[in-house]
Amino acid sequence: MTAGTPRMKTIREYVEAGVLPLDDLKGALQLAMRLEFATIPPYLCAQWSVKDDPDRTEGALHRIVSQEMNHFALAGNLLAAIGGRPSIAHADFLPTYPADELPGGIPQQLPVDLKPLVKHQLAVFMQIEYPEFPPIALLRGRPPATIGAFYDTIIQTFQKLEPAIDLKAHAVEVPFAKPIRTVADAVDTIDRIKREGEGTQGSPDQPPEEGGSGHAHYYLFKELYVQKRLVKTGGKWSFSGAPVTLPEVYDFASSQARPNPSTEFNRTLSKLLVDLETCWTSGAPPNVAAMFQLQTLGRDLIKRGIRPEFRWDDGAA
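Per chain, the residues get numbers from 1 upward, laid out in the order the sequence is written. Note on the predicted model: pLDDT of at least 70 is required for a residue's local features to be given, and 80 or more for side-chain atom pairs to be given and counted; whole-chain, interface and lining totals, by contrast, use all residues. Excluded from the side-chain calculations are hydrogens and water; all other atoms, namely the structure's heavy atoms, are used.

## A short note on helix α4 (residues 57-81)
If you check α4, its first and last C-alpha atoms are 36 Å apart, about what 25 residues at 1.5 Å a residue would give, namely 36 Å. With 18 of its 25 residues buried, α4 lies for the most part within the structure. Two residues or fewer past α4, glycine 83 is found with a positive phi of approximately 90 degrees. Only DSSP runs of H or I reaching four residues or more are called helices, and only runs of E reaching two or more are called strands; each is numbered from the N terminus. Expected helix span is computed as 1.5 Å times (number of residues minus one). We call a residue buried when its accessible area falls under 20% of the maximum for its residue type, exposed when it is over 50%, and partly exposed in between, using a 1.4 Å probe and counting protein chains only.

Quick look at the structure:
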């Protein structure tokens, strides 16, 4: 944390507090933005590492990354809708990898790092997206996920507090997302974030009304991990479908070369965050060109065996 930056509360603190006052609701939504963003660099590096792809695995990764970006934007839209200001254009917003916990103090048994798409990394991704309810959670007796309880606390706060919704608030347009004009809209938005990652109660599928198709994130990662498609037979789900061949990938590692080969990548990432923040503060459109440039630079680094850094560059501010 930089000097003068207030300490961000942990997810446990928010959950234990129950219904939050307005300032804490704003803080929780800012934390939700950090939480959703923290998964994007690992997922992107896995996607960019794909070399030879017989079963179109990169397409599944692309879909997951796109949805995580949408979740990040939706959390920002929620924050702006209740009079908050998303704060993402600074060094403290970017996670440091490897990470033994996700933002908000969520411990990770398997460290979250920037790695190629290999089986160990898929296990890390399954850990991040682990569902809090059946059909998966009860199979192993795992208690409810802290992330799910966090989002439930945000939903409960919207329902109990009924904060005023600023109908003139700037928002980032997200596919299949309706504008946030009421508390009910806000609750639906948070529910979408939860369900796209974990599935719905009793099913691994995403809600079709939200534009989702196929399984939620956890199940997509597990299909790759066990190398079998998830199918429903006789009313029961199992990983017993067609075989899945994992792609050949580019290996990569941190570089100590000078000048730093990630400089342009970091500068582009930082400029992208600066521009994204202005979407909520002034209504500017997203810098789509910078998104494609970041992808090109990231893929190029990985093809050269270099790990993208995802670090802040002060020159972009």
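That was the structure; now back to the text.
## What to know about the packing of helix α2 (residues 22-38) against helix α3 (residues 40-48)
Between α2 and α3, whose axes approach to 5 Å, the crossing angle comes to 20 degrees. In terms of their interaxial angle, α2 and α3 are classed as roughly parallel. Residues Glu36, Phe37 and Ala38 of α2 form the contact with α3, whose own contacting residues are Ile40, Pro41 and Pro42. Residues are grouped as follows: Ala, Val, Leu, Ile, Met, Phe, Trp, Tyr, Cys and Pro are nonpolar; Asp, Glu, Lys and Arg are charged; every other residue, Gly included, is polar. In terms of residue class, the contact of α2 with α3 is made up of five nonpolar, no polar and one charged. The axes are straight lines fitted to the C-alpha atoms, using for helices just the contacting stretch, and the angles between their N-to-C directions are given from 0 to 180°. Any angle between 65 and 115 degrees counts as roughly perpendicular, while under 35 counts as roughly parallel, over 145 as roughly antiparallel, and the rest as oblique. Contacts are residue-level and defined by heavy atoms, with any inter-residue pair within 4.5 Å sufficient.

## Brief notes about α3
Of all the nine residues making up α3, nine are buried; the element is thus mostly covered by neighbouring parts of the structure. Buried residues of α3: Ile40, Pro41, Pro42, Tyr43, Leu44, Cys45, Ala46, Gln47 and Trp48, and no others.

## Focus on the pairing of strand β2 (residues 99-102)
Note: two strands are recorded as paired if DSSP finds a minimum of 2 bridges between them. Looking at chain direction, β2 and strand β3 (residues 106-112) are connected through three bridges and run antiparallel. Residue pairing across strands places alanine 99 opposite valine 112, the latter belonging to β3. Taken together, β2 and the strand that follows it, β3, pair antiparallel across an intervening segment of three residues, in which glycine 104 is found at a positive phi of about 95 degrees.

## What about the nonpolar core?
We call a set of buried Ala, Val, Leu, Ile, Met, Phe, Trp, Tyr and Cys residues a nonpolar core when their side-chain atoms join them within 4.5 Å. The biggest cluster of nonpolar side chains holds 87 residues, and the ones touching the most others in it are Ile154 and Phe158. Sort the elements by how many residues they give to this core and α4 lands first, with 11 residues. Ignoring sequence-local partners within four residues, the contact set of phenylalanine 158 consists of Leu25, Leu29, Leu78, Ile82, Pro163, Ile165, Val183, Ala186, Val187 and Ile190.

## A closer look at the side chain of threonine 153
With respect to the element layout, threonine 153 can be found in helix α6 (residues 146-161). Taking relative accessible area as the criterion, threonine 153 reaches 6% and is therefore assigned buried. Sequence-distant contacts of threonine 153, that is, excluding residues within four places in its chain, are made with Tyr14, Val15, Gly18 and Leu20.

## Digging into a nonpolar patch on the surface
A cluster of nonpolar side chains, namely Val19, Leu22 and Leu161, defines an oily patch on the protein surface of about 200 Å² accessible area. As for its placement among the helices and strands, valine 19 is situated in the loop between α1 (11-17) and α2. Accessibility expressed as a relative area gives 36% for valine 19, which makes it partly exposed. The patch calculation keeps residues exceeding 30% relative accessible area without a salt bridge and links them within 9 Å when they carry like charges or within 5 Å when they are nonpolar (Val, Leu, Ile, Met, Phe, Trp, Tyr). Accessible surface is estimated by sampling points in the Shrake-Rupley manner with a 1.4 Å probe; for residues, cover comes only from the protein chains shown. Salt bridges are identified by distance alone: a Lys or Arg side-chain nitrogen within 4 Å of an Asp or Glu carboxyl oxygen.

## What to know about the packing of aromatic side chains
Within 6.5 Å between ring centres, the rings of Phe, Tyr and Trp (the latter by its six-membered ring) count as paired, and their orientation is classed by plane angle as stacked under 30 degrees, edge-to-face over 60, tilted in between. This structure, assessed with the given rule, holds 14 aromatic pairs. Aromatic side chains tyrosine 43 and phenylalanine 221 sit 5.2 Å apart centroid to centroid with 55 degrees between the ring planes, which places their arrangement in the tilted category. With tyrosine 43 in helix α3 and phenylalanine 221 in helix α8 (residues 217-226), this residue pair connects regions lying 178 residues apart in the sequence. For phenylalanine 221, a relative accessible area of 0% gives the class buried. An aromatic cluster is present here, built from Phe37, Phe72, Phe93 and Trp280 joined pairwise through their rings. One Lys or Arg, lysine 119, reaches over the ring of tyrosine 225 and ends 4.7 Å from the middle of that ring. Remark: a charge is flagged as sitting over a ring if the NZ atom of Lys or the CZ atom of Arg is within 6 Å of the ring centre and within 35 degrees of the ring normal.

## Quick word on the packing of α4 against α8
One can describe the packing of α4 onto α8 by two numbers: an axis separation of 11 Å at closest approach and a directional angle of 155 degrees. By the criterion of interaxial angle, the relationship of α4 to α8 is roughly antiparallel. Where α4 crosses over α8, the two elements pack in a sense that is left-handed. Across the interface between the two elements, Thr57, Leu61, Arg63, Ile64, Gln67, Glu68 and His71 from α4 touch His217, Leu220, Phe221 and Leu224 from α8. Its residues placed into classes, the contact of α4 with α8 shows five nonpolar, four polar and two charged. The sense of a crossing depends on the near helix, which, turned anticlockwise from the far helix by less than a right angle, makes the crossing left-handed and, turned clockwise, makes it right-handed.

## Quick notes on the confidence of the model for the protein
pLDDT: the predictor's confidence for each residue, scored from 0 to 100. Taken over all residues, the pLDDT of the protein has a mean of 88, while the share at 70 or more is 87%. Taking the mean pLDDT of every element in the protein, the minimum, 85, falls on strand β5 (residues 236-238) and the maximum, 98, on α3.

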